[in-house]
Amino acid sequence: MNANQAAESLLASNQQKELEDLPKDYPLSTSEDEGDKDEERKHQKLLESISSLNGKDRQKLADRSEASLKVSEFSVSSEGSGEKLVLSDLLEPVKTSSSLAAVKKQLNRVKSKKTVELPLHREEIERAGTPLEQEIFNLLHKNKQPVTDPLLTPVEKASLKAMSLEEVKMRRAELQRARALQSYYEARARREKRIKSKKYHRILKKGKAKQALKDFEKLQKVNPAAALEELEKLDKARMMERMSLKHQNSGKWAKSKAIMAKYDLEARQAMQEQLARNKELTQKVAASESEEEGEGQEEEEEPLVPDLVNEVQIKANGLNPWMFRNHFIDAKEAEVQKDLEDPAEPEAQETSESEEEKAVVEEETLLKEFEERRSLRQKSELNHMAEPVHRRVTKDPSSQEVLSDLRALCQKLSTENHQSGKQELSSARTAQREEPAREEEEPMLLQRPERARTLDELEELGREGCVENEELPRTAVEGLQLEKNLSNHIGAPKEKKRKEQMIDLQNLLTTKSPSVKSLAVPTTVQELEDEEERDQRQIIKEAFAGDDVIRDFLKEKREAVEASKPKDLDLTLPGWGEWGGIGLKPSAKKRRRFLIKAPEGPPRKDKNLPNVIINEKRNTHAAAHQVQVLPHPFTHHQQFERTIQTPGSTWNTQRAFQKLTMPKVVTKPGHIIKPIKAEDVGYRSSSRSDLSVIQRNPKRLSIRHKKHLENNCVD
Amino acid sequence: METVPEPGSNVPPKKDRLQTKKKKPRRYWEQETTGTAAGASPGPPRKRKRNRELRPQKPKKNDTSKKFRMSKKPRELKSPRPQRSLSGAQDPFAGPAPVSVEVVQKYCRIDKSKELPHPKTKTRSRLVVAEAQEEETSVRAARSELLLTEEPGFLEGEDGEDTAKIRQADIVEAVDIASAAKHFDLNLRQFGPYRLNYSRTGRHLAFGGRRGHVAALDWVTKKLTCEINVMEAVRDIRFLHSEALLAVAQNRWLHIYDNQGIELHCVRRCDRVTRLEFLPFHFLLATASETGFLTYLDVSVGKIVAALNARAGRLSVMTQNPYNAVIHLGHSNGTVSLWSPAMKEPLVKILCHRGGVRAVAVDSTGMHMATSGLDHQLKVFDLRGTFQPLSARTLPQGAGHLAFSQRGLLAAGMGDVVNIWAGQGKASPPSLEQPYLTHRLSGHVHGLQFCPYEDVLGVGHSGGITSMLVPGAAEPNFDGLESNPYRSRKQRQEWEVKALLEKVPAELICLDPRALAEVDVISLEQAKKERAERLGYDPDARTPFQPKPKQKGRSSTASLVKRKRKVMDQEHRVSGHRGRAGHPKGNALLLAPLASSTCHFSPVSPYPGQNPPEPGAAAAEAREGQAHGGPAVGPGQIRALSQAPGPRRNILSPRPPVGNYPSLE
């Protein structure tokens, strides 16, 4: 205890000393300060060790004086105590008991046992013990993955060498964009899936069925084998239908309708429809098979071969396997190609199948309406451009139902075909491609920004990146064009016009340009922090760029046009000559009668410029400086304008200006201006001449004067 | 009642009158000796007059006379016998110098293709006079081009060699010492990326670093005029009308310093300014702010003329159209809007890009606008009414900064690289296929400007300032009275006074400045209507023909109608005839719509369905090119060199003069 007290007193004095010292070395640098603290700590330790020499009660409990995070549940903290806390001390009971001996031993064993060093020795790695390990090693070796050096695989190294920094950066940006787009697609698909409107889904389904039918038809012409396969699927669907009781009058709904059918005409009709549908669905497709028979000769050998083999066969049948591969892998490219062909194709189809198209058109317009309404309601900020792709994505889940619908339609079509007996061969490559494209859409999107493995892949990636750039706007254009075609059918001139404008705009904004050549590509060697940040921001902006820019602009333009239009004047007095009051509106006839239509203004300057809004308002401030009165001899403003085209000294040379501004009458001070004489003008002098009035050149004589003069002369 | 001609003169009176008309008016203080009775008219003898007059004859037919005057032949016609001077020596180049028709066309401002409503006789005579005057002035302006002795420099690769591969070091090696001295780098790494601005004369350079470093110097002599640190972020910097005043957009407010670095003003009404533009003829400082306001500050009186809300968020892209002083703002929704202080709404809004607009530049003729957006595209737009893109290309990183030179070169800063594209001539848009020059800098580009009247491009970047040599960038001839790089202080002060006297009111800024020379039709109509209301009748209205009632049964209704019809037909015929006579080229009229339509569809045509270049552009040139004191020697253009380095590469060889007329300014 004495020692303790002594130590404490020592400590106190020491602190005091320090306090005294403080003012002196106030402006100390921080490092020195730290040094001081260190010394202090050492000093304290020394004191403590001295005090501990005393023996006995060195195990003092540290009392918690201030809040600290390190609070042991045994109220043993290593901070206050003089010694380091050892694990074995904790385990040591106050009295050594036999029950804990076993635990102690165990702990000791754990302690003694060598832990697994993380980077294993080479031999240890190489050794493959279990079969699983063997398999893994096998795989790793096969793919040239590093077993020992985890930093970079040889392939990766090669790829790193192949890529320059800029390339990587550009590609990374592209991938980032792709990911952003993908998230859009996903969100959109989710949203569309959540749509609850039955009508919407029904129409969607119908549309899909029709599309499928069309595709099937094309497929039939181009690739009979695949068509056959499809047919088989159809058959299967038919079987399913026959097995199920879906369209028989046994469901809940059907039963309820059956009760109502006695009184309700609609219910009766619905029931009949259902039955008819059932019939349709369960009918065997006879016509198409008969059609197929002629060409299906060769395929008859192997209709029972499993699908997989068939597929391979199809691929083998193709002209160039490389081409095929391209079709399947470079879906985007295929799409682009399709784009090129597309504008021509729909028209060809239209001419041939205009009758059926009409029905299709109606439905599609309905669909479109749905979508538009939806988009309007939700004010989605999602990418407007991605629309066509979404549609394709959403197709997949309900394909089964589509198939059944498809069958029915197929039958209809076949009968029709029989009637008309016409079969036109349209280039059905699109149909063939459409599906692979659909399949490949998602993998493309799911692509992560992984490093490409091989050089080939790298190249491909590059190509895709290039293609992707063009692809997005193009698809949009395509979609619009299709829409345009549709609207052609309906004959909605207004909408068509708008669409056309939009298309123009699209073309405008996606002007293609020559590829980069001999252009120094900027490198990012040194970047300040903020600049990097800015780059990042820019990338994000780029990813989100193009969202609705066009739509917003068109909307703005429409508003501007509306605002600039002269307003009609409505002079109807509600209640005048008829009943009035709350909820009663003046009749349309009245309104028509008292509506004063504003005269149509001149056509807007930006009428044919889709990407421009020109303000038509008059600049009154500038107008105040313009000439507002026509001077005398001019009868039309254009005449006068022609005479004021060469203004002032700023626009002319000095000599020209001087000549232009020369006064008509020049006088010189100090000279007498004599009155003009008749001789001057070339006339005989006369005594009664009153020409003294005229001082000017005879040229400038007014007519009155001349007449006067003539009279004089005659006299 | 014809006057009887004097017996002494045999000439018929009509001709006589014609002659008198041509004659120079006799002044009353001139000698009265000529008052001989025989002389039909007073005035100096014809010979003297011929000596003096520029245009020898009043042309009877315009077409022929034009040819006469403008080709070389007519000189002989004009003066068949060369004049002899006192010493007896002949003047080998007698008469006025010949000028080519194309050059004259450039200065013509009356569009004769436009049809005028049939004028009365009196009006017609006025019109004829006006046309003659215009022709004469344009001939004079064309002739004054002779005084522009300097020619622009240029780079030319030897047979297919890419000029973009020529480095700055090569150029510096090839040019003379004075020009080589214009290439320099200022290493200023501490104070962040720099914005820079050249004064209008091209003699002074001001730059401001993001971290507050502001300096101005005479960059030719490298004499520093002031250097300060404003201890605040500097967003932009700009000279006002002369190099004595400097506007700096700082983090908070707009400050104005003089050339000593003394703060003169702190304009608190312009806060958080991001970009500055100075309109020299209007004395307006346009500021675009983070708050989305475009503010016009009249620096001559210190008043804010207009504060316009662009309603498009933060404004960080701004440029001016030097032709009509309209401000172009680039927005984040891909549009570029054109503003004038007189209008609360944008004059025009153009959708240019899918992403936001990053940079905008307008060339000196006001015909082309270059924009670059977040979609990595660089586009050149036609500004003359259609606002359609003429050309576009995708750049690997997209251009963050753009600048046009006086002769229409386009510079784009992308990352740490500057690319420059050149067009065919002055008013032609830059072709984006092949860059003219490229240069890599030590830091990211933050500001770009071509130096006026010097073949120099100033680049502010994160590593300081770089002054690049770009042959053929600037106008080789300057107007000594308008912007004289060599002016003394006194001259500058005098110029300042004159410029202030000629200050253009801010409200005159509009898209087409030529429209100011037109009659305000709307108010004219309004005035007419009001007058008619006041008087109770329209004095200008023509009363419809009312046949007089006749006696003896000849005034039957049928005959009245017949007479009426007759008069109507006659009028119709006259007007129709007039219309046909009005068109000197009937065929051309027929062809016109066809031609325009073909033009519209041809992909080659650079201006689809467009009117010919603005006469105003030429006018502007004429204005600049008055050449009052005669053009001084250019301030050191990179001249075409005959001693090019070696036979392998002929960097600076004279370019063939095809489509490369030495323009004024």
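Since the structure is predicted, the reported quantities are computational estimates derived from the model, not experimental observations.

S.K.: Sorry if this is basic, but what is going on with the nonpolar core here?
M.R.: Across soluble globular proteins, nonpolar side chains have a tendency to be buried as a group. All names here are of chain B. Counting 37 residues, the largest nonpolar core has Phe207, Val418, Ile420, Tyr436, Phe450, Leu457 and Val470 as its most contacted members. Among the elements of the structure, strand 2 (194-198), strand 3 (204-209), strand 4 (213-218), strand 24 (417-421), strand 26 (445-450), strand 27 (456-461) and strand 28 (464-469) are those that each provide at least two residues to this core. Beyond its immediate chain neighbours, meaning those up to four positions away, Phe207 contacts Leu186, Leu188, Tyr194, Arg195, Leu196, His213, Val214, Ala215, Leu217, Ile237 and Ile465. With 36 residues, the next largest nonpolar core counts Leu279, Leu329, Cys352 and Met369 among its residues.

S.K.: What should I look at first to understand the packing of aromatic side chains in this one?
M.R.: A full pass over the atoms with the stated rule returns seven aromatic pairs over all chains. In this arrangement the basic side chain of Arg487 of chain B is found over the ring face of Trp495 of chain B, its NZ or CZ atom lying 4.7 Å from the centre.

S.K.: Can you help me understand the sheet that holds strand 12 (residues 293-298) of chain B in this one?
M.R.: Residue and element names in this part refer to chain B. Taken together, the four strands give an open sheet; going across it, the order is 10-11-12-13, and neighbouring strands pair in antiparallel fashion. Single-partner strands in this sheet number two, and they are strand 10 (273-279) and strand 13 (303-309). Strand-to-strand, the axes of this sheet are offset by a mean angle of 20 degrees, without reference to chain direction.

S.K.: Help me out: how do you make sense of the side chain of Asp218 of chain B in this one?
M.R.: All names here are of chain B. Along the chain, Asp218 turns up in strand 4. At 3.3 Å, the side chain of Asp218 and the side chain of Thr221 are in polar contact. Look past the residues within four positions of Asp218 in its chain and what remains in contact with it is Arg203, His204 and Lys223.

S.K.: Sorry if this is basic, but what is going on with a nonpolar patch on the surface here?
M.R.: On the surface, Leu569, Leu571 and Ile596 of chain A cluster together to form a nonpolar patch covering roughly 270 Å² of accessible area. Leu571 of chain A sits in the partly exposed class, given a relative accessible area of 44%.

S.K.: Help me out: how do you make sense of the environment of His282 of chain B in this one?
M.R.: Residue and element names in this part refer to chain B. The residue His282 is located in the loop between strand 10 and strand 11 (284-289) in this model. With 221 residues separating them in the primary sequence, His282 and Lys503 have C-alpha atoms 5.5 Å apart. Those residues in contact with His282 that lie beyond four places of it in its chain are Asp298, Ala325, Lys503, Val504, Pro505, Ala506 and Ile509.

S.K.: What is the right way to look at the pattern of salt bridges in this model?
M.R.: Two side chains carrying opposite charge are able to pair once their charged atoms lie near each other. In total, this model carries 27 salt bridges over all chains according to the counting rule given. Among the ionic pairs, Arg188 of chain A bridges to Glu192 of chain A, the shortest N-O distance being 3.5 Å. With Arg188 of chain A and Glu192 of chain A both in helix 8 (residues 165-193) and four residues apart, the pair spans about one turn of that helix. A relative accessible area of 7% means that Arg188 of chain A is categorised as buried. We classify Glu192 of chain A as buried; its relative accessible area is 7%. We note a salt bridge from Glu135 of chain B to Lys112 of chain B, for which the minimum N-O separation is 3.7 Å. One end of the pair, Glu135 of chain B, is in helix 6 (residues 121-143); the other, Lys112 of chain B, is in the loop between helix 5 (101-107) and helix 6, and 23 residues separate them in sequence. Judged by its relative accessible area of 5%, Glu135 of chain B falls in the buried class.

Rules used throughout
- Residues numbered from 1 in each chain as written.
- Chains lettered and ligands numbered in written order.
- Predicted model: local features only at pLDDT ≥ 70, side-chain atom pairs only at ≥ 80, totals over all residues.
- Heavy atoms only, no water.
- Core = buried A, V, L, I, M, F, W, Y, C linked by side-chain atoms within 4.5 Å.
- Buried < 20%, exposed > 50% of the residue type's maximum accessible area, 1.4 Å probe, protein only.
- Helix = DSSP H or I, 4+ residues; strand = E, 2+ residues; numbered from the N terminus.
- Contact = heavy atoms within 4.5 Å.
- Phe/Tyr/Trp six-rings, centres within 6.5 Å; stacked < 30°, edge-to-face > 60°.
- Lys NZ or Arg CZ within 6 Å of the ring centre and 35° of its normal.
- Pairing = 2+ DSSP bridges.
- Axes fitted to C-alpha atoms, helices over the stretch in contact; angles between N-to-C directions.
- Polar contact = N/O pair within 3.5 Å; in protein donor to acceptor, adjacent residues only side chain to side chain.
- Patch = residues over 30% accessible without salt bridge, like charges linked within 9 Å, V, L, I, M, F, W, Y side chains within 5 Å.
- Areas by Shrake-Rupley, 256 points an atom, 1.4 Å probe, with all protein chains shown as cover.
- Salt bridge = Lys/Arg side-chain N within 4 Å of Asp/Glu carboxyl O.

Worth remembering: the numbers are spatial, not functional.
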